[in-house]
Amino acid sequence: MNKVRGRIRKMFFCVGMGLAVLLTGCSKTELEERCFPLLVVVDYKTDSQEVTFCAGFPKSDNSGGSTGQTTELQVATVSGTDFEESQTNYEEDLNKIADYNHLKVLVLGENLIKNLGTYNEMLDVLADTEEFPRNTYVCVVKDTEALLKIDANLPQDLGTYLEEFLNNHENSEKRILTLGDLLDEKENQLLTLYALHLLPEETHVRWDGYCTIGTEKIYFYKENE
């Protein structure tokens, strides 16, 4: 019941904000009240049986200006009993309205996709809210915490870095999965989907192969196989 009430409150809030923008236009103040995640990282803690949620934002440029909202907005990874609660908890810590229209990459932890029930619950929420763009790239990592630490060592934000990395590794034989692929397959249940599996290093990531996603058992295929 609390989840339903929370989703209803969020819906009315978004409708109210939309009407305000239509009636008054999008003022500078309204933009300052929003933040624009480029990256979302979701995982599952097997010990506490909680879902973790974290987002990444643009970095400031070297000219003293900004490419958008800066990484100073980013708060520590937040957890909840499920995806919806962890996302809500994270957004409350931001103290801003999270606008996901510019989201580039959704990173899923291995533990999350291995827990098929939790994974499917996440997709149900994303299909229902339609907050994340369907063309958002999706990849998988084993250690999401190690991935987030790379951000401090990159010249650009982690979301942009991963988007460029995935684009550079896509060809006719290696198509990058999108959120739309995951949502469609959950509905149709016709195909076996393969996500790029990445390994975080200290200053970069490397492509390690593929893993199945949305299946009862996860299968991994190394790069040279």
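Please refer to the structure higher up on the page.
Quick caveat, the model's predicted, so the values are computed rather than measured. Position numbers for residues count from 1 along each chain, tracking the sequence in the order it is written. Totals for whole chains, interfaces and linings use every residue, but because this is a predicted model, local features are given only for residues with pLDDT of at least 70 and side-chain atom pairs only at 80 or more, for both listing and counting. Excluded from the side-chain calculation are hydrogens and water; included are all heavy atoms of the structure.

Peer 1: Whenever I open this one, the sheet that holds strand β4 (residues 78–80) confuses me. Can you help?
Peer 2: What links the strands of a sheet is backbone hydrogen bonding, and the strands pair in either a parallel or an antiparallel sense. At least two DSSP bridges between two strands are required for those strands to pair. Secondary structure elements follow DSSP: runs of H or I of four or more residues count as helices, runs of E of two or more count as strands, with numbering from the N terminus. Spatial ordering of the open sheet is given by β4-β3-β2-β6-β7-β8-β9-β10, a layout of 8 strands whose pairing is mixed. Both edges of this open sheet fall to β4 and β10 (220–222), since each of them pairs with a single strand only. Geometrically, the sheet is characterised by an average inter-axis angle of 30° between neighbouring strands, direction not taken into account. Alignment of strand β2 (residues 39–45) against strand β3 (residues 50–56), held across 7 bridges, turns out to be antiparallel. Bridged to V40 within β3 is A55. We call two residues contacting when some pair of their heavy atoms lies within 4.5 Å. Working convention: axes come from line fits to C-alpha atoms, limited for helices to the stretch in contact. Angles between N-to-C directions cover 0 to 180 degrees. Contacts from helix α5 (residues 116–129) reach β2, β3, β6 (105–109) and β9 (205–213), with the element oriented near 160° to β6.

Peer 1: Quick question: what am I supposed to make of the packing of aromatic side chains here?
Peer 2: Two descriptors summarise a pair of aromatic rings, namely the distance from one centre to the other and the angle between the planes of the rings. Between the rings of Phe, Tyr and Trp (Trp by its six-membered ring), a pair exists once the centres lie within 6.5 Å; its type follows the angle of the planes, with under 30 degrees stacked, over 60 edge-to-face, and the other angles tilted. Counted by the stated rule, this structure contains 7 aromatic pairs. Considering the side-chain rings of F53 and Y90, the 5.4 Å spacing of their centres and the 55° angle between planes classify their relative orientation as tilted. Placement of the pair is F53 in strand β3 and Y90 in helix α3 (residues 83–94), with a sequence separation of 37 residues. Throughout this description, buried means an accessible area under 20% of the type-specific maximum (1.4 Å probe, protein chains only), exposed means over 50%, and partly exposed covers the range between. Overall, the relative accessible area of 0% leaves F53 in the buried class. Look at Y100 and F132: their rings are 4.6 Å apart centre to centre, the planes differ by 50°, and that puts the pair in the tilted class. With a gap of 32 residues between them, Y100 in the loop between β5 (97–98) and β6 and F132 in the loop between α5 and β7 (137–141) connect regions that are remote in the sequence.

Peer 1: Got a minute to help me understand the packing of α5 against helix α8 (residues 179–188) in this structure?
Peer 2: The packing of two helices is summarised by the inter-axis angle and the distance between the axes. Following both chains from N to C, one finds α5 and α8 inclined at 105°, their axes separated by 10 Å at the closest point. Taken together, the axes of α5 and α8 are roughly perpendicular relative to one another. Contacts between α5 and α8 involve Y119, N120, L123, D124, L126 and A127 from the former and L179, L182, L183 and K186 from the latter. Roughly parallel refers to an angle under 35 degrees, roughly antiparallel to one over 145, roughly perpendicular to one between 65 and 115, and oblique to any angle outside these ranges.

Peer 1: For this particular structure, what's the right way to read the nonpolar core?
Peer 2: Taken as a class, soluble globular proteins show a tendency for nonpolar side chains to be buried jointly. Membership of the largest hydrophobic core comes to 60 residues, with the highest contact counts inside it found for V42, L108, F132, L162 and I213. Ranked by the residues each element gives to this core, the list is headed by α5, at 6 residues. Excluding anything up to four places from it in sequence, F132 contacts V40, F53, F83, Q87, Y100, L103, L106, L126 and L179. Throughout this description, the term nonpolar core refers to a set of buried Ala, Val, Leu, Ile, Met, Phe, Trp, Tyr and Cys residues connected via side-chain atoms within 4.5 Å.

Peer 1: Looking at this model, I keep getting lost on the side chain of S86. Mind explaining?
Peer 2: Relative to the assigned elements, S86 resides in helix α3. S86 has contacts with V51, T52, F53, V78, S79 and G80, leaving out every residue within four places of it along the chain.

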